[in-house]
Amino acid sequence: MMIVMGNGSSFLGRYLGQYYFPVANTTGVNTTWNFFSPDPAHIMYVHYIVHFEDDYGNPSKDPKEYFYPEQKDGSNFAMNVRRHNYMMRFMIIDPTRVAQFFVPWVCKQNPGSTKVQFALILNRIPSLDKVITLKDTPYSDLLTTEELNQNVYSCQKPS
């Protein structure tokens, strides 16, 4: 048997919640999961720049700019792209993972690199309430972008 309950934060959930929440709470099927609309996960990706410098800190070569995952708009649902998205989210949960795993991998991919400039880009998707309230506003104007966890990591191993 399967019981499907409306999303409690949706319009339907707020309107009909008084009827089904008591039953859902009593039977233990009321969870806080929020997998889908109206509040999907925000689009996140890593923006990083690999720098190449001489012994005096002067650029020895043009820096290289990358994004991880490469498909940064969240529109591709292929399994290989999803795996990169999940790996990126797992990595950024704990900033020490960036320094322990991601930066050494990037440095190894770019021989001669001296440092990696790192930032998490978060494109906040507007709530359904906001989109409906501001329905005459273009959707692209409702998106907000934030740059978080900015840091510069050295490729040199400590001696």
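The model shown is predicted, which means the values in this text are computed figures rather than measured ones.

Moving on, we get to the confidence of the model for the protein. A residue-level look at the protein finds 79% of positions with pLDDT of 70 or above and a mean pLDDT of 80. The least confident element of the protein, judged by mean pLDDT, is helix α1 (residues 11-27) at 74; the most confident is strand β2 (residues 59-68) at 93.

Now for a nonpolar patch on the surface. Residues Phe11, Leu128 and Ile132 make up a contiguous nonpolar surface patch of about 250 Å² in total accessible area. Looking at where Leu128 falls in the secondary structure, it is placed in helix α4 (residues 128-133). By relative accessible area, Leu128 is classed as partly exposed at 34%.

Next up on the list: the packing of aromatic side chains. Considering all chains together, one arrives at eight aromatic pairs under this definition. Ring geometry for Tyr48 against Phe102: centres 5.1 Å apart, planes inclined by 85°, an arrangement best described as edge-to-face. One end of the pair, Tyr48, is in strand β1 (residues 43-53); the other, Phe102, is in helix α3 (residues 95-109), and 54 residues separate them in sequence. By relative accessible area, which is 3% here, Phe102 ends up buried.

Parameters and conventions
Residues numbered from 1 in each chain as written. Predicted model: local features only at pLDDT ≥ 70, side-chain atom pairs only at ≥ 80, totals over all residues. Heavy atoms only, no water. pLDDT = per-residue confidence, 0-100. Helix = DSSP H or I, 4+ residues; strand = E, 2+ residues; numbered from the N terminus. Patch = residues over 30% accessible without salt bridge, like charges linked within 9 Å, V, L, I, M, F, W, Y side chains within 5 Å. Areas by Shrake-Rupley, 256 points an atom, 1.4 Å probe, with all protein chains shown as cover. Salt bridge = Lys/Arg side-chain N within 4 Å of Asp/Glu carboxyl O. Buried < 20%, exposed > 50% of the residue type's maximum accessible area, 1.4 Å probe, protein only. Phe/Tyr/Trp six-rings, centres within 6.5 Å; stacked < 30°, edge-to-face > 60°.

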